[in-house]
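Understanding the architecture of this molecule
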Amino acid sequence: MNTQHIYNIIVAAGSGSRFGASLPKQYCLLNSRPVLMHTIENMRKALPDSHIVLVLNKDFIDYWAELCEEYSFVSPSIVEGGDTRWQSVKNAIDKIPADAQVITVHDGARPIVNADMVARLIDALDSAPGAIPVVSVTDSLRQINESGSTPVDRSLYKAVQTPQAFHADKLVEAYSLPFDATFTDDASVLAALGYDVTLVEGDTNNIKITNPLDIEIAQLYLRQQ
Ligand code: C5P
């Protein structure tokens, strides 16, 4: 596929409240550069000539411009985020031209996105309206219920990562539905329309920076790239 018809939404408008730092996690330094710059650069490497739409919280747009100046970094086009991840993605979708064939959605807080995995996702779109990267769950799992909790068979579950890739027309249609609290990722929005996604092998290094220690772990993974 011609990558010029691929639009990559990178959502980075969250406040990162679990991270506990004064700055949202996407702006914290990883190998002396903001996490978000690694994310954008790795998406650019994975899909050269494709387009990136960066979603930022409106209170951080000026700060991002200062960072780009400081690090001599060329920013993708910017869209203002919303109160929920769903709203942030929707704001970006509204700016994507009608000739888009594929839209990917990636969390700005996942800087270790790898080109082979992205290629697997795009290839999988030949036979499915959406493709998402998944990895096996290594922890034991329990289901919480009224009487406490019960163990469940972890081989029946997968952990879902981003980027998630979709036929553009299907994702645009799915995002025209009203918001529902069960929308935890873009595949769940697509599922509300009755479209199913195909599962592609993810990458255990593709962590979402969530806790301060994740920065140290990401540093190790970046060295392996
Ligand atoms: O909070 P969580 O880590 O699950 O967020 C996943 C991604 O969605 C992050 O990259 C975050 O910046 C983004 N997000 C957003 N707009 C929101 C909430 C989250 O762009 N309102």
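All figures in this text were calculated on a predicted structure; none of them were measured in a lab.

Rules used in this analysis
- Residues numbered from 1 in each chain as written.
- Predicted model: local features only at pLDDT ≥ 70, side-chain atom pairs only at ≥ 80, totals over all residues.
- Heavy atoms only, no water.
- Near = heavy atom within 4 Å.
- Polar contact = N/O pair within 3.5 Å; in protein donor to acceptor, adjacent residues only side chain to side chain.
- Areas by Shrake-Rupley, 256 points an atom, 1.4 Å probe, with all protein chains shown as cover.
- Core = buried A, V, L, I, M, F, W, Y, C linked by side-chain atoms within 4.5 Å.
- Buried < 20%, exposed > 50% of the residue type's maximum accessible area, 1.4 Å probe, protein only.
- Helix = DSSP H or I, 4+ residues; strand = E, 2+ residues; numbered from the N terminus.
- Contact = heavy atoms within 4.5 Å.
- Salt bridge = Lys/Arg side-chain N within 4 Å of Asp/Glu carboxyl O.
- Phe/Tyr/Trp six-rings, centres within 6.5 Å; stacked < 30°, edge-to-face > 60°.
- Lys NZ or Arg CZ within 6 Å of the ring centre and 35° of its normal.
- Pairing = 2+ DSSP bridges.

**Focus: the site of the ligand**
Near the ligand there are 16 residues, and of these Val11, Ala13, Gly14, Lys25 and Ser88 occur at the shortest range. Between the ligand and the protein, one listed contact pairs an oxygen atom with a backbone N or O atom of Ala13 at 2.9 Å. Note that an oxygen atom of the ligand is positioned 2.9 Å from one of the side-chain N or O atoms of Lys208. When isolated, the ligand has an accessible area of 460 Å², and the protein chains bury 81% of it.

**Regarding the nonpolar core**
Core analysis: the biggest nonpolar cluster contains 28 residues, and Leu36, Ile40, Leu54 and Trp64 have the highest contact counts within it. Counting residues per element, the ones that place at least two in this core are strand S1 (6-12), helix H1 (35-46), strand S4 (51-56), helix H2 (61-70) and helix H4 (115-124). Look past the residues within four positions of Ile40 in its chain and what remains in contact with it is Ile10, Ile52, Leu54, Trp64, Phe73 and Pro76.

**As for helix H3 (residues 85-93)**
Because an α-helix packs 3.6 residues into every turn, residues spaced three or four apart end up facing the same way. The complete set of buried residues in H3 reads Trp86, Ser88, Val89, Asn91, Ala92 and Ile93. Contacts made by the buried residues of H3 are with S1, S4, strand S5 (77-80), strand S6 (102-107), helix H5 (168-174) and helix H6 (186-191).

**Brief notes about the pattern of salt bridges**
Side chains bearing opposite charge may pair, as long as their charged atoms lie close to each other. Under the defined criterion, the tally for this structure stands at six salt bridges. A salt bridge links Arg85 to Asp107; the nearest nitrogen and oxygen atoms lie 3.1 Å apart. With Arg85 in helix H3 and Asp107 in strand S6, the pair connects residues that are 22 residues apart, well separated along the chain. For Arg85, a relative accessible area of 25% gives the class partly exposed. Ionic pairing is found between Arg85 and Asp186, a salt bridge with its closest N-O pair at 3.1 Å. In this pair, Arg85 sits in helix H3 while Asp186 sits in helix H6, placing the two residues 101 residues apart along the sequence. Overall, Asp186 belongs to the buried group, its relative accessible area being 0%. The network of salt bridges with common partners includes Arg85, Asp107, Arg110 and Asp186.

**With respect to the side chain of Ser88**
Relative to the elements of secondary structure, Ser88 occurs in helix H3. Judged by relative accessible area, Ser88 falls into the buried class, the value being 4%. Discounting chain neighbours no more than four positions away, the residues touching Ser88 are Val11, Ala13, Val55, Gly81 and Gly82.

**Points about the packing of aromatic side chains**
The final tally for this structure, using the stated rule, is seven aromatic pairs. Arranged with centres 5.2 Å apart and planes meeting at 15°, the rings of Tyr27 and Phe60 form a pair that is stacked. In this pair, Tyr27 is assigned in the loop between S1 and strand S2 (29-30) and Phe60 in the loop between S4 and H2, connecting sequence segments 33 residues apart. Using a relative accessible area of 2% as the deciding quantity, one classes Tyr27 as buried. For Phe60, a relative accessible area of 21% corresponds to the partly exposed category. A ring pair is formed by Trp64 and Phe73, whose centres lie 6.0 Å apart and whose planes are at 75°; its orientation type is edge-to-face. Each member of the pair, Trp64 as well as Phe73, is classed as buried. Here the aromatic cluster, defined as three or more aromatic residues joined through ring pairs, consists of Trp86, Tyr175, Phe179 and Phe183. The ring of Tyr195 is capped by Lys170, whose NZ or CZ atom sits 5.4 Å from the centre of that ring.

**Quick look at the pairing of strand S7 (residues 130-136)**
Counting buried positions along S7 yields six of seven residues, so the element is predominantly enclosed. The sheet contact formed by S7 and strand S11 (residues 164-167) spans two bridges and is antiparallel. Paired with Gly130 across the strands is Phe166, a residue of S11. Where S7 and strand S12 (residues 198-201) come together, four bridges link them in parallel fashion. When the sheet's bridge partners are listed, Ala131 is paired in S12 with Thr198. Here S7 pairs with strand S10 (residues 158-160) via three bridges, running antiparallel. In the strand pairing of S10, Ser136 is matched with Lys158.

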